[in-house]
Amino acid sequence: MNNSERSASTVPELSQTAAQAQWQRVSPIAILYFAVAVLRFFVGQFIYLIPPLILLFNRIKDNPGLAIGIVSSLLLLIVVAAILKFYYFQYRLSAGTVEIRSGVISKKYLNLPFNRIQNIKLEQPIFYRPADYVCLQLDTAGSVHQEARLVALSRPFAESLKQHILDSRQVTTTETDNQTMEQAALAKPGATEQLLNQRSLVDLVIHGISNNRIWLFLGLAAPFYNQLADKILGVLLKAGIDLPAMFDPGQQSWLLIGLYALSLTMFIMLLFTLFSVLGSVLSFYGYTLHKKQDNYIRRSGLLTRHEVSMKLSRLQWVALKRDWLDMLLGRVNLSFEQINGQQQQFATEQKIMVPSVTPAEASILLTDAYPDNQLSSISFSRISRRFLWRYVLLYWLPAALISQLLFWLQQQPVLALLSLIPLSLWALLIVMRWYRYGYAQDDTYYYLRRGYFGVDYYCFAKYKLQQVQFKQSWLMRRSGLCSVKLVMASGALAVPFITETDGRALLEQGLTALQRSNKAWM
Amino acid sequence: MSIAGDFSNTQLSSEQLTPLVALQLEPLARRYRLLRQGVNAVVFSVLWLILLLQWLQPWWELPANMLQVVKHALWLLPILGGLRALYCWHADKHKHFALREHDISYSSGIFFRKMITQPVVRVQHIELKQGPLERKAALARLQLFSAGGALHTFEIPGLHLTQAQQIRQFVLQHKDALQDEQQ
């Protein structure tokens, strides 16, 4: 208990009872935070208005008074809204709970006991940097609407509050479980943070190259495509390059056009890669992964610094993912995933990703989370060849026959030959999928391997299972095969076409391990 | 581990550890099958009657091709209804459930058999659902929610109401159930 006393002394409010505690406001710098939030809201709501506004630009230029009026009143609205939001945002700390009152028109009151808090995140937008303020985000296991944000706290205060919440959680669990108390007692002397991993700029560049984050940029730029294309064509024309003429078959030979197209594609790919590297650096700059008692803490970000912490017991599975480019570069993306819930769009925030580590580093990290795992030494069992037959006979062959028949009937031999390329790629994908599938288990863990050209490994503890499913079609039953699905809080993993005895063993042993261990899944 | 010593996972009726494959599956309520047949028959009869009215009504002239469609639908619909009734009858015959000490299983499917097993320890909350017709027939659907997400909600349809309530009680009183709540 001395632990909580110590923290309470650093945060005096925490020793008060709820009746004594005073409502207080956050630092005025939060006005900036709210202003940005309101601005984001506006942009998000009216993003589809931007292209017509750009089209109307000339009209606006003729009529600057009105435009200035609209813009300045909008700015005024944002500032007023931000100030009001700041004024009505109050919080109160007392022993064991945090309460938040917010909202200008629709009022919101949130009472969050510390022991219900799942995750604590610290976020530092770039404008909080100079005065070293942070935004403390408290997540509960419930819905997104239940999350609490204390928007502008000074960093030392936020850190000590965070520590206090983590400690109080520790105390409540030790009261219920003797085993964890012993562990906690063992862990207490080493309460300092232990650095598990950090990523250098080179690693991030590699991550950017191998993991295309470009789709994000492309999506954001979508409203500007037309204007952008016109602008680019104009600029190129000035530089003496006439793209439309280059690609006009009437003026150029096919070979030349092909060459141009190839070099243009290469150039665009290079551009994409550059953007992707930029994205990777933006989100993972200064990446560190620390371990403190049994919490993982991840810090990263160039503009907005994010700090995410996750308790080891919340971990649902560890995924080691490599796509083909990662295989070439010898890297692995490792992620610690926890409860996924129904909110797919928040999935990235719910996991701790370690970008582009080397296989050796990945193995160290995995061993740190699951000390007795055997991923590196265990031998995986293959799934049945019937997997191939099923996908080839059921989907590939009909598609291939029909497309060939159609093309030849319409006397399009070129198209028929060309269609062989995607068809053979598809066939290759089916074969690779079969080749990559593998499963294994030991007393504590399941191991699953899958992928196409790359390969993903999943390692998870059996007692974290939520539900199991056993599936068998009539044909599979005749050949003694089955498919199983293991449902976890972070998602479901299926193992298709394995022998019935293996499938039953996977499920049965998993259920036994789960029911025998009294450990909670989170 | 000391807990491992006194661990067992027997089917509730017998006294040995039962593997999933050897579970004695219990069928759903017979009334559930009859109810589904009834609903099916009523839906198709109503559709057929509407078509028949279209065919016989003297008020407006249907275009010739529409008339063709209606004519064919008039004999196709009963066949479809009959096939669906046959399918439902057999599908419902293949729906079973079984209870063990620590988990509940539900199996279904004629050609693609599927058995879902939900450990009781991982149940987050339970719902008993009854539509108006189910209420008339004293039937209930039992839904068990786990952290596996909405896609993996475990549901047993067509239980007798008393049976469903007993299972709910069994889950709630399970000694390990809802242990997360207490932490």
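Residues numbered from 1 in each chain as written. Chains lettered and ligands numbered in written order. Predicted model: local features only at pLDDT ≥ 70, side-chain atom pairs only at ≥ 80, totals over all residues. Heavy atoms only, no water.

A. Structural view of empty space enclosed by the protein. All names here are of chain A. Applying the stated criterion across every chain yields a total of 3 cavities of 30 Å³ or more. What the largest cavity holds in volume is close to 40 Å³. Considering the residues around the largest cavity, the lining is formed by Tyr439, Ala440, Tyr446, Tyr447, Leu448, Phe460, Leu486, Val495 and Leu506. Every element with two or more residues in the lining of the largest cavity is listed here: β16 (438-441) and β17 (445-450). (1 Å grid on protein atoms, 1.4 Å probe; cavity = no way out; pocket = protein on both sides within 12 Å on 5 of 7 lines; lining within 4 Å. Points joined across faces, edges and corners; volume = space filled by probe spheres on them. Helix = DSSP H or I, 4+ residues; strand = E, 2+ residues; numbered from the N terminus.)

B. Structural detail: the pattern of salt bridges. All names here are of chain A. Taken as a whole, this structure holds 17 salt bridges over all chains when the rule is applied. Of the charged contacts, one joins lysine 162 and glutamate 307 as a salt bridge, the two residues approaching to 2.5 Å between their closest N and O atoms. Here lysine 162, found in helix α6 (residues 155-176), pairs with glutamate 307, found in strand β11 (residues 305-311); they are 145 residues apart in sequence, far enough to count as distant. Residue lysine 162 is classed as buried on the basis of its relative accessible area, which comes to 3%. Between glutamate 500 and arginine 504 there is a salt bridge; the shortest N-O distance is 3.4 Å. In this pair, glutamate 500 and arginine 504 both sit in helix α19 (residues 500-516), 4 residues apart, roughly one turn of the helix. (Salt bridge = Lys/Arg side-chain N within 4 Å of Asp/Glu carboxyl O. Buried < 20%, exposed > 50% of the residue type's maximum accessible area, 1.4 Å probe, protein only.)

C. Expanded view of the interface of chain B and chain A. Facing 38 residues of chain B, the contacting portion of chain A comprises 35 residues. Between chain B and chain A the total buried area reaches about 3100 Å² when both faces are included, carbon and sulfur atoms providing 51% of it. Inspection of the chain B/chain A interface yields 1 salt bridge. Arg100(B) is paired through a salt bridge with Glu508(A); the nearest N and O atoms lie 3.1 Å apart. Counting across the interface, chain B meets chain A through 15 residue pairs in polar contact (both at pLDDT 80 or more). Secondary structure elements with two or more residues in the side of chain B that touches chain A: β4 (112-119) and α5 (179-182) of chain B. Sort the elements by how many residues they give to the side of chain B that touches chain A and β4(B) lands first, with 8 residues. For the side of chain B that touches chain A, a count of residues per class yields 16 nonpolar, 14 polar and 8 charged. Bridge count for strand β19 (residues 467-473) of chain A against β4(B) is 6 bridges, and the pairing is antiparallel. (Contact = heavy atoms within 4.5 Å. Buried area = accessible area lost by both parts, 1.4 Å probe. Polar contact = N/O pair within 3.5 Å; in protein donor to acceptor, adjacent residues only side chain to side chain. Nonpolar A, V, L, I, M, F, W, Y, C, P; charged D, E, K, R; others polar. Pairing = 2+ DSSP bridges.)

D. Structural detail: the sheet that holds strand β21 (residues 491-499) of chain A. Read from one edge to the other, the open sheet built from 7 strands follows the order β21(A)-β20(A)-β19(A)-β4(B)-β3(B)-β2(B)-β1(B), with strand pairing classed as antiparallel. Strands at the two margins of the open sheet, each flanked by one partner only, are β21 of chain A together with β1 (26-27) of chain B. Relative to strand β20 (residues 481-488) of chain A, β19(A) is paired through 5 bridges, and the arrangement is antiparallel. The residue bridging Gln467(A) from the neighbouring strand is Val487(A), located in β20(A). Sitting on the sheet, helix α4 (residues 161-173) of chain B touches β1, β2 (96-99) and β3 (103-108) of chain B, and the angle it makes with β2(B) is about 35°. (Axes fitted to C-alpha atoms, helices over the stretch in contact; angles between N-to-C directions.)

E. Structural context of the pairing of β4(B). Bridge count between β3(B) and β4(B): 6 bridges; the pairing is antiparallel. Paired with Ser107(B) across the bridge in β4(B) is Met115(B).

F. How the structure looks around helix α12 (residues 254-284) of chain A. Residues and elements named next belong to chain A. The end-to-end C-alpha distance of α12, which contains 31 residues, comes to 44 Å, matching closely the 45 Å that a straight helix rising 1.5 Å per residue would cover. Of the positions making up α12, those classed as buried are Ile257, Ser276, Val277, Gly279, Ser280, Val281 and Phe284. Backbone geometry just after α12 places glycine 286 at a positive phi near 65°. (Expected span 1.5 Å × (residues − 1).)

G. Structural detail: the sheet that holds β17(A). Residues and elements named next belong to chain A. Strands sit in the order β14-β13-β12-β18-β17-β16-β15 across an open sheet of 7 strands; the sheet is antiparallel. Both edges of this open sheet fall to β14 (351-357) and β15 (381-382), since each of them pairs with a single strand only. As paired elements, β17 and strand β18 (residues 455-461) share 6 bridges and run antiparallel to each other. Within the sheet, the bridge partner assigned to arginine 449 lies in β18 and is tyrosine 457. Along the sheet face, helix α17 (residues 420-436) touches β15, β16, β17 and β18 and points at about 160° away from the line of β17.

H. Broad picture of the packing of helix α8 (residues 201-210) of chain A against α12(A). All names here are of chain A. In the contact formed by α8 and α12, the axes pass within 7 Å of each other and the chain directions differ by 130°. Judged by the inter-axis angle, α8 sits oblique to α12. When you trace α8 past α12, the crossing you get is right-handed. Between α8 and α12, the residues in contact are Leu201, Leu204, Val205, His207, Gly208 and Ile209 and Thr273, Ser276, Val277, Ser280, Val281 and Phe284, respectively. A per-class count over the contact of α8 with α12 returns 7 nonpolar, 5 polar and no charged. (Parallel < 35°, antiparallel > 145°, perpendicular 65-115°, else oblique. Left-handed = near helix turned anticlockwise from the far one by under 90°.)

I. Representation of the confidence of the model for chain B within the structure. When pLDDT is averaged along chain B, the result is 85, and 86% of the positions lie at 70 or above. Across chain B, β4(B) holds the top mean pLDDT of 94, while α5(B) sits lowest at 45. (pLDDT = per-residue confidence, 0-100.)

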